[in-house]
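Understanding the architecture of this molecule
Here is what each chain is made of, one letter per residue.
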Amino acid sequence: MNLAQRDSQIIWHPYTQMQTAGLPLPIVKANGALLTDAAGKTYIDAVSSWWVTLHGHCHPYIRERIKQQLAQLDHVIFAGFTHEPAVTLAENLLRLLPPNQQRIFYSDNGSTAVEVALKMAFQYWDNLKIPKNKIIAFRESYHGDTFGAMSVSSRSAFTRPFNQYLFEVLFIDVPVAGKEAVCLEQLQEHLQRPDVAAFIFEPLVLGTAGMVMYAPEILDELLQLCRQHQIFTIADEVMTGFGRTGKNFATDYLQHAPDIFCLSKGLTGGTMALGVTTCTAEIYNGFLSQESAKTFFHGHSYTANPIACTAGIASYELLVAPESQEKISQIAAQHQAFQNQLQTHPAVKEVRQTGTILAVEFSTGPTSYFSNVRDLLYNFALERGVLLRPLGNIIYILPPYCITPAQLQAVYAVIEEMADLITRITNNES
Ligand SMILES: Cc1ncc(COP(=O)(O)O)c(C=O)c1O
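Presented here is a report on the structure given in the accompanying data block. Predicted model, so just to flag it, every value in this text is computed and none were measured. All chains use their own residue numbering, which begins from 1 and follows the written sequence. The predicted nature of this model means local features are confined to residues of pLDDT at least 70 and side-chain atom pairs, given and counted, to a pLDDT of 80 or more, with totals for whole chains, interfaces and linings taken over all residues. Side-chain numbers come from the whole structure's heavy atoms, not from hydrogens or water.

What follows is about the nonpolar core. In this text, buried Ala, Val, Leu, Ile, Met, Phe, Trp, Tyr and Cys residues form a nonpolar core when linked through side-chain atoms within 4.5 Å. When a residue's accessible area, from a 1.4 Å probe over protein chains only, is under 20% of the maximum for its type it is buried; when over 50% it is exposed; and in between it is partly exposed. The biggest cluster of nonpolar side chains holds 96 residues, and the ones touching the most others in it are F138, F199, M211, F362, L388 and I415. In terms of residues, this core owes the most to one element, helix α13 (residues 405-429), which gives 9 residues. Contact criterion: two residues are considered in contact whenever any of their non-hydrogen atoms come within 4.5 Å of each other. Every residue in contact with M211, bar those within four places of it in the chain, is listed here: W51, V205, L206, M239, R352, I357, A359, L391, Y396 and L398. With 28 residues, the next largest nonpolar core counts L118, V152, I200 and V238 among its residues. Helix numbers and strand numbers start at the N terminus; a helix is a DSSP run of H or I with at least 4 residues, a strand a run of E with at least 2.

Below, the structure written as structure tokens:
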């Protein structure tokens, strides 16, 4: 039996209908923007392997730092103990975040970073004995797969079997161009309630919704309103963080700093699972007490794992180096030129771009994760040596920053071929 067959006997893959899915593709190595399969074929990882790979696969600097750390300290319980990598990474992150961010709480991934943020917000008000237990969120948002994160996410086919177990959330429309006033109005209405604890949002780009983009100006207005009503604002920068939108954080485009940040994915450069939730001194101080009941009772076995934190430090050092910042600007400029070229194509409904994120929405049927066009486009790209993971009829590029202009051009060429294919299919059907 080959690897894919052995896998198919015993493994259950994420987001995969195991009955109808083909055999998984065994990948044997990765380097830079390339993945190599067992037959030696290479694929450009245009989606950074679920948006995590920041500087490229198997980056020699991150690899070396991890190796050194592994020889020094692999892991230690993080209650009652500490270590250099956890403290240094926290110092680095606070240097990058707005000055109102004062405390770092470690967890394991994006979903747990969101769980921690929600629990911080709920318990802060509970510690103060103020009954605030409602969360406001964007209707099409995605914040993760654990129950709290699902609760504040869009009610969709993903959550349907669990909807009855999710807590009630006050949803508002995403303020895409033309919808700003409606969104503002809905927020203002919810803010009349006395029981709102926090507003959680994906800043500027809603990833899983289909790389839906909206302007910083309206987000600033929403944050200002929340501040006026003493409602915490939670920026879920799990996807947008670490340069994806052209600045270190999407919220760097704003005037108002959020109260809480959720970070993961690119945090370790895509090498180790790690989540971070950061908060203001005000929130942290709300848990300080002689009463043990006001403690933040949350933690994971691998909290602040030293190897993961070391990967985070190495990735941070690479990110702030001028070369990475230049690469980010260069990818954004190349995207912009491609956007100008592609947006008049008859098969293209819209091309959207924020920094290094480019999304192309094709004019085909409804935008659904289950539409056939998704599988067609996925396989089409894979056959041509490009890993793209369409969200229905939306294709997006979110590349590692090491991607070369030629590799990016090769990805664009595949997207253009896709557009031509869609035009041919549409013409044949009509
Ligand atoms: C904005 C956002 N928040 C949270 C998550 C959940 O992160 P994880 O998959 O690491 O649990 C994701 C994952 O895609 C995300 O895009």
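The next point concerns the sheet that holds strand β2 (residues 34-37). One bridge is not enough; two strands pair if DSSP finds at least two bridges between them. Strand order in the open sheet made by the 4 strands is β1-β2-β3-β15, with mixed pairing throughout. A single partner strand is all that each edge strand has here, and the edge strands are β1 (27-31) and β15 (386-387). When strand β3 (residues 42-45) meets β15, the two strands line up parallel, connected through 2 bridges. Residue pairing across strands places I44 opposite V386, the latter belonging to β15.

Right, let's get into the environment of L170. As for its position among the elements, L170 is in strand β6 (residues 170-172). Relative accessible area serves as the criterion here: at 6%, L170 is assigned to the buried category. Considered as a pair, L170 and L187 are 17 residues apart in the sequence and their alpha carbons are 9.0 Å apart. With sequence-adjacent residues up to four places away left out, L170 is seen in contact with K134, I135, I136, A137, H190, R193 and V196.

For each residue, the test is whether any non-hydrogen atom lies within 4 Å of the molecule or strand; if one does, the residue is near. Surrounding the ligand, one finds W51, N109, G110, S111, Y142, H143, G144, E202, D236, V238, M239 and K265. Any pair of nitrogen or oxygen atoms within 3.5 Å is treated as a polar contact; in protein, a donor-acceptor pairing is required on top of that, and neighbouring residues in sequence qualify only through side-chain atoms on both sides. At a separation of 2.6 Å, an oxygen atom of the ligand approaches a polar side-chain atom of S111. The contact in question runs from an oxygen atom of the ligand to an N or O atom on the side chain of K265, over 3.1 Å. Relative to its unbound accessible area of 390 Å², the ligand is 84% covered by the protein chains. Note on residue categories: nonpolar means Ala, Val, Leu, Ile, Met, Phe, Trp, Tyr, Cys or Pro, charged means Asp, Glu, Lys or Arg, and polar means any other residue, Gly included. The residue makeup of the shell around the ligand, split by class, is 4 nonpolar, 5 polar and 3 charged. Exposure was quantified through the Shrake-Rupley algorithm and a 1.4 Å probe, taking into account, for residues, occlusion by the shown protein chains and nothing else.

Before going further, it helps to spend a moment on the sheet that holds strand β12 (residues 275-279). Spatial ordering of the open sheet is given by β4-β12-β11-β10-β7-β5-β6, a layout of 7 strands whose pairing is mixed. Either end of the sheet is taken by a strand with one partner, and the two such strands are β4 (103-107) and β6. Put simply, the sheet's adjacent strands are angled 20° from each other on average, direction ignored. In this sheet, β12 lies alongside β4 in antiparallel orientation, the contact comprising 5 bridges. Bridge pairing in β12 links R103 to C279. To get an axis, a line is fitted to the C-alpha atoms, and for a helix only the part in contact is used. The angle between two axes follows their N-to-C directions and goes from 0 to 180 degrees.

Each salt bridge in this description consists of a side-chain nitrogen of Lys or Arg and a carboxyl oxygen of Asp or Glu lying within 4 Å of one another. This model, assessed by the stated rule, comprises 12 salt bridges. Note that R139 is salt-bridged to D173, the shortest N-O span being 2.8 Å. Of this pair, R139 sits in the loop between β5 (134-138) and α6 (147-151) while D173 sits in the loop between β6 and α7 (180-190); the two residues are 34 residues apart in sequence, bridging distant segments of the chain. Overall, the relative accessible area of 18% leaves D173 in the buried class. Here the salt bridges share partners, and the residues they tie into one network are K349, E350, R352 and E361.

Let's shift gears to the pairing of β5. Of all 5 residues making up β5, 5 are buried, and the element is well covered by its neighbours. Neither face of β5 is left uncovered, since the one carrying K134, I136 and F138 and the one carrying I135 and A137 both have all their residues buried. Two strands pair when backbone bridges link them, and β5 and β6 are joined in this way by 3 bridges, in the parallel orientation. Of the residues in β6, the one forming a bridge with F138 is I172.

At a minimum axis separation of 8 Å, helix α4 (residues 84-96) and helix α10 (residues 306-320) run at an interaxial angle of 35°. Two packed elements cross with a definite hand, and for α4 against α10 that hand is left-handed. Residues P85, A86, T88, L89, N92, R95 and L96 of α4 pack against P306, C309, T310, G312, I313, Y316, L319 and V320 of α10. When its residues are assigned to classes, the contact of α4 with α10 shows 10 nonpolar, 4 polar and 1 charged. When the near helix sits turned anticlockwise from the far one by under a right angle, the crossing is termed left-handed; a clockwise turn instead gives a right-handed crossing.

Along the chain, the position of H143 falls in the loop between β5 and α6. At a separation of 2.7 Å, a polar atom in the side chain of H143 contacts the side chain of D236. If we ignore the near neighbours within four places in the chain, the residues touching H143 are G110, S111, V114, A149, V152, S153, I200, F201, E202 and D236.

Our focus in this paragraph is helix α5 (residues 110-127). Working rule for helices: expected span equals 1.5 Å times residues minus one. End to end, α5 covers 25 Å across 18 residues, agreeing with the expected 26 Å (1.5 Å per residue, within 8%). With 15 of 18 residues buried, α5 lies mostly within the body of the structure. N-cap assignment for α5: the residue whose side-chain oxygen lies 3.0 Å from the backbone N of S111 is N109. Directly beyond the C-terminal end of α5, a positive phi value near 60° is found at K129.

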